Amino acid sequence: MIREMTIHDHGLVIELFSNTPGVTVREADSFESTQVYLERNPLLNFVKVIDDKIIGCVMCGHDGRRGYLQHLLVLPKYRNQGFGEQLLNSCIDSLLQLGIQKTHIFVFKSNSLANAFWQNADSNPKCII
């Protein structure tokens, strides 16, 4: 199941970030900052849940013209099953409903796993990378 991320998910999502190589937790990921972000960007941030456990997430916002996608991740045990693409599509679909057709993606150059994901995402008809 993919559902909208809520502030109640914050602790588990930060734990995912902290335990995922290539993802950096910063002050902008604090409880307070995340709460403001989620309130400002309703229906754009998602978690993937299996057996009542959050196994993936994506955070997405916009400035009214462009989308901004960051923190797309899936626990290693659940990768290569299409969950990352499902999370991505949830964001893209929600942005399209808002009339936002272009989205910026933030990935560290040194995060080879994430960069490989995005190169493969180029075959997704919703993505032009």
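Residues numbered from 1 in each chain as written. Predicted model: local features only at pLDDT ≥ 70, side-chain atom pairs only at ≥ 80, totals over all residues. Heavy atoms only, no water.

## Some points on the sheet that holds strand S4 (residues 67-74)
Strands sit in the order S1-S2-S3-S4-S5 across an open sheet of five strands; the sheet is mixed. The outermost strands of the open sheet, each flanked by one partner alone, are strand S1 (2-4) and strand S5 (103-105). Geometrically, the sheet is characterised by an average inter-axis angle of 25° between neighbouring strands, direction not taken into account. The sheet contact formed by strand S2 (residues 46-50) and strand S3 (residues 53-62) spans five bridges and is antiparallel. Its bridge partner lying in S3, Phe-46 is registered against Val-58. Taken strand by strand, helix H1 (residues 10-18) contacts S2, S3 and S4, and its axis lies near 95° from that of S3. Packed onto the sheet, helix H2 (residues 31-40) meets S3 and S4 and runs at close to 65° relative to S3. (Pairing = 2+ DSSP bridges. Helix = DSSP H or I, 4+ residues; strand = E, 2+ residues; numbered from the N terminus. Axes fitted to C-alpha atoms, helices over the stretch in contact; angles between N-to-C directions. Contact = heavy atoms within 4.5 Å.)

## Brief notes about the environment of His-104
Along the chain, the position of His-104 falls in strand S5. Residues His-104 and Gly-67 lie 37 residues apart in sequence; the distance between their C-alpha atoms is 6.0 Å. Residues contacting His-104, with those up to four places away along its chain left out, are Arg-66, Gly-67, Tyr-68 and Leu-69.

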